Amino acid sequence: MSRDVVWTDLLDPSREELLAAAPAELLPLAVGELLAPSGPDGPPRPTIESHGRYLLAILLVPVAVPQEDRLYYQEVDLVATHDAVLTVRKTPAGGDPPFPVEELAALCANRESAGLMVHGIVDEIAERFLALIDALEDEIDEIEEGVERAEGVRTRRRIAELRRAIVGVRRTLGPTRDAMRRVLDARVVVAGETELFPTELRLLFGDSYDKLLRATEGLDAARELLASVRDYDQARIAESQNEVVKTLTVVASLVLVPTLITGFYGQNFAGEFGEAYWSVGVAIGLILGSTIVQLAAFAWRGWL
């Protein structure tokens, strides 16, 4: 790491620790955002903005846990000046691990400027979004392969969970991409003798921005794939219902003719119809004959 640039990391700092480690005098708004815990109301909106003599970045790192079918976010905030970078990591609300400090150290090592440190961190976050899209697509493929053998309730629950996850990722990915665009368009300026993000460095931010664009396109594709799986599951349910209706129709048809025959012979007829031959033998023969004919017809049509 360059001796001219100081990197400091804090995990869930107190107000005193934050103010003591800050490379510049922070505005009250920035202090509030840096100290706000990752609460149950959802992750904050990612942003990269200039506060005069320093840069403030609120960034979220998506983490997928395929074994548990869930997704959570690690928050990494940045305060950067021309000669110092402060990272503030926050423990997720659910008790999940925060962003590893070892990875931050590797991202900030051997960087010649604070701007390169900031780029290294945001570029890694862009890579994490691409990896998350791959994980979502793998999960959708797993659901699609198991539609035939999995329980319908479980499949629909997983589809609903993935849909909510995709919506949450979109709410995070969009602002992250917009924040990256602000740097690329040179709208984030930190006061000083030199630029924090010179032209050649903004070109590197352009590469990171392209990664976020690919992640956005991949997210749209994943949403379409999920919709296809949902439609396929609904079609399978409709087909199963048709089979049930067909079975009930066969049963009703088999019962209908014998019911008609027994109802007919249950009437009070005089003469020949009062004999045992007509009341029992012929009725049983008609019932058996009609049932055999119906079974043969249903088997020929493939309904049995």
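The present account deals with the structure reproduced in this document.

So, how was this worked out
- Residues numbered from 1 in each chain as written.
- Predicted model: local features only at pLDDT ≥ 70, side-chain atom pairs only at ≥ 80, totals over all residues.
- Heavy atoms only, no water.
- Helix = DSSP H or I, 4+ residues; strand = E, 2+ residues; numbered from the N terminus.
- Buried < 20%, exposed > 50% of the residue type's maximum accessible area, 1.4 Å probe, protein only.
- Contact = heavy atoms within 4.5 Å.
- Areas by Shrake-Rupley, 256 points an atom, 1.4 Å probe, with all protein chains shown as cover.
- Pairing = 2+ DSSP bridges.
- Axes fitted to C-alpha atoms, helices over the stretch in contact; angles between N-to-C directions.
- Salt bridge = Lys/Arg side-chain N within 4 Å of Asp/Glu carboxyl O.

1. Describing the overall build of the protein chain
Line of reasoning, step 1. Within the protein chain one finds seven helices and five strands.
Line of reasoning, step 2. Secondary structure elements in the protein chain, listed N-terminal to C-terminal, are β-α-α-β-β-β-β-α-α-α-α-α.
Line of reasoning, step 3. Out of the 304 residues in the protein chain, the part that is buried amounts to 39%.
Line of reasoning, step 4. Considering only intrachain contacts with a sequence separation of at least 6, the fraction spanning at least 24 residues in the protein chain is 66%.
Line of reasoning, step 5. Per element, the accessible surface of the protein chain, about 16,900 Å² overall, is 56% carbon and sulfur.

2. Focus on the sheet that holds strand E4 (residues 70–80)
Line of reasoning, step 1. The strand order across the open sheet formed by five strands is E1-E5-E4-E3-E2, and the pairing between neighbours is mixed. Two strands in the sheet have a free side with no partner beyond their single neighbour: strand E1 (6–11) and strand E2 (47–50). With direction set aside, neighbouring strand axes in the sheet form an average angle of 20 degrees.
Line of reasoning, step 2. As paired strands, E2 and strand E3 (residues 55–65) are joined by four bridges and run antiparallel to one another. Note that in E3 the partner of Ser50 across the bridge is Leu55.
Line of reasoning, step 3. Lying over the sheet, helix H4 (residues 114–145) contacts E1, E2, E3, E4 and strand E5 (84–90), oriented at roughly 30 degrees with respect to E3.

3. Quick word on the pattern of salt bridges
Line of reasoning, step 1. All told, the structure shown has 16 salt bridges when counted by the stated rule.
Line of reasoning, step 2. The shortest N-O distance in the salt bridge between Lys90 and Asp77 comes to 3.3 Å. Of this pair, Lys90 sits in strand E5 while Asp77 sits in strand E4, and the two are 13 residues apart along the sequence. No difference in accessibility class separates Lys90 from Asp77, as the two residues are buried.
Line of reasoning, step 3. The salt bridge involving Lys211 is made with Asp123; its shortest N-O contact spans 3.1 Å. One end of the pair, Lys211, is in helix H6 (residues 199–265); the other, Asp123, is in helix H4, with 88 residues separating them in the sequence.

4. As for the pairing of E4
Line of reasoning, step 1. Most of E4 is tucked away: nine of the 11 residues are buried.
Line of reasoning, step 2. Both E3 and E4 contribute to a ladder of 11 bridges, which runs antiparallel. Considered in E4, the bridge of Leu60 is made with Glu75.

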